[in-house]
Amino acid sequence: MQSETSRTSAGADRIRRCHWVGEDELYIAYHDNEWGFPVADDRRLFEKVCLEGFQAGLSWRTILGKREAFREAFAGFDFERVARFGSRDVGGLLKNARIVRHRGKIESTINNSKRARELADEFGSLAAYFWSHEPDSKTRPAKLTRDALATMSTSAESIALSKDLKKRGWTFVGPTTVYAFMQAMGLVNDHVHDCAIRIGVVDARKRFRVPASTRRVAGQ
């Protein structure tokens with residue numbers, strides 16, 4: 001998530017969290033239970049990469065507040081179903097005041113659903129593809145501080161992933177958007193070192209099994 005790179009702050013419950021959380025209850029729940037925990041579910045991965053695209057030019061708080069409406073509008077982000085959306089569906093979505101009514105972003109989500117279907121077919125799952133871009137731990141700072149994270153709105157891996165997605169026809173997947181996706185889905189742990197949630201993410205990553213690719217061999 002863009003701009004989620006800073007020191008910790010203690011909320012009313014005295015729990016130290018990443019500074020971007022503040023005292024917003026929705027943000028607190030998202031930070032404590034979702035952000036940075038590793039995800040291997042294809043629907044959640046597709047949902048997040050699409051919602052990061054919708055966030056462009058907006059705040060994540062705006063998108064998070066509309067997330068349930070987005071899920072309802074886009075068939076639970078089942079990319080097999082979204083890939084079948086047509087012009088009538090686009091028209092209906094443009095009239096849906098509960099989501100962000102941006103034609104380019106709506107059409108991008110439909111386009112990306114088709115590209116997601118292709119990726120899942122090639123690699124066996126979206127998870128296998130995305131997790132193949134997990135950064136090597138050796139490239140990560142030994143201690144996550146505000147100053148270190150302030151320089152990390154992108155990474156070599158997010159740049160490479162963005163480039164590959166664009167090559168495959170995806171849209172609204174620039175390097176900064178992709179890095180925010182990687183932060184949220186647990187490909188990196190960007191909870192700062194004294195955030196109380198960081199250790200839980202560390203433990204979750206230790207238990208996590210990286211999805212194996214079943215990528216087809218050319219000609220088979």
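Coordinates for the structure precede this section.
Notes on the structure in this doc start here. (Residues numbered from 1 in each chain as written. Predicted model: local features only at pLDDT ≥ 70, side-chain atom pairs only at ≥ 80, totals over all residues. Heavy atoms only, no water.)

## Some words on the overall build of the protein chain
Spelled out, the test is: Per the convention used, a helix needs a DSSP run of H or I reaching at least four residues, while a strand needs a run of E reaching at least two, with both numbered from the N terminus. We compute the radius of gyration from the C-alpha atoms alone; for a globule the expected value is 2.2 Å times N to the 0.38, where N is the number of residues. Exposure is judged per residue with a 1.4 Å probe applied to protein chains only, and the accessible area is read against the type maximum: over 50% gives exposed, under 20% gives buried, and values in between give partly exposed. Contacts between residues were defined by any pair of non-hydrogen atoms, one from each residue, lying within 4.5 Å.
On a plain count of helices and strands, the protein chain comes out with twelve helices and two strands. Each helix (α) and strand (β) of the protein chain, taken in turn from the N terminus, gives the series β-β-α-α-α-α-α-α-α-α-α-α-α-α. Over its C-alpha trace the protein chain gives a radius of gyration of 17 Å, about what one expects of a compact globule, namely 17 Å for 220 residues. Counting all 220 residues of the protein chain, 49% fall into the buried class. The contacts in the protein chain between residues at least 6 apart in sequence include a share of 67% that link residues at least 24 apart.

## Observations regarding unusual backbone geometry
In the Ramachandran plot, Ala-75 falls in the positive-phi region, its phi being about 50 degrees despite a non-glycine side chain. Assignment of secondary structure puts Ala-75 in the loop between helix H4 (67–73) and helix H5 (79–82). The buried category is assigned to Ala-75, whose relative accessible area is 12%. Residues other than glycine seldom take positive phi values, yet Phe-172 does so here, at roughly 55 degrees. With respect to the element layout, Phe-172 can be found in the loop between helix H10 (156–167) and helix H11 (175–184). Given the relative accessible area of 36%, Phe-172 is considered partly exposed.

## A short note on the environment of Ala-160
Along the polypeptide, Ala-160 turns up in helix H10. Residues Ala-160 and His-133, spaced 27 residues apart in sequence, show a C-alpha to C-alpha distance of 8.2 Å.

## Points about the packing of helix H6 (residues 87–94) against helix H7 (residues 103–123)
Put simply, the rule reads: Axis geometry follows a simple rule: fit a line to the C-alpha atoms, using only the stretch in contact for helices, then measure angles between N-to-C directions, giving values from 0 to 180 degrees. Angular relationships are summarised with four words: roughly parallel below 35 degrees, roughly antiparallel beyond 145, roughly perpendicular across 65 to 115, and oblique for the angles in between. Crossing handedness is read from the near helix: turned anticlockwise from the far helix by less than a right angle, it gives a left-handed crossing, and turned clockwise, a right-handed one. Residue classes follow a fixed rule: Ala, Val, Leu, Ile, Met, Phe, Trp, Tyr, Cys and Pro count as nonpolar, while Asp, Glu, Lys and Arg count as charged, and any other residue, Gly among them, counts as polar.
Relative to each other, H6 and H7 sit at 135 degrees, their axes nearing to 10 Å. As far as their axial angle goes, H7 and H6 are oblique. As for how H6 packs across H7, the hand of that crossing is right-handed. The segment H6 lies against H7, with Val-90, Leu-93 and Leu-94 engaging Arg-103, Ile-106, Glu-107 and Ile-110. Partitioning the contact of H6 with H7 into residue classes produces five nonpolar, no polar and two charged.

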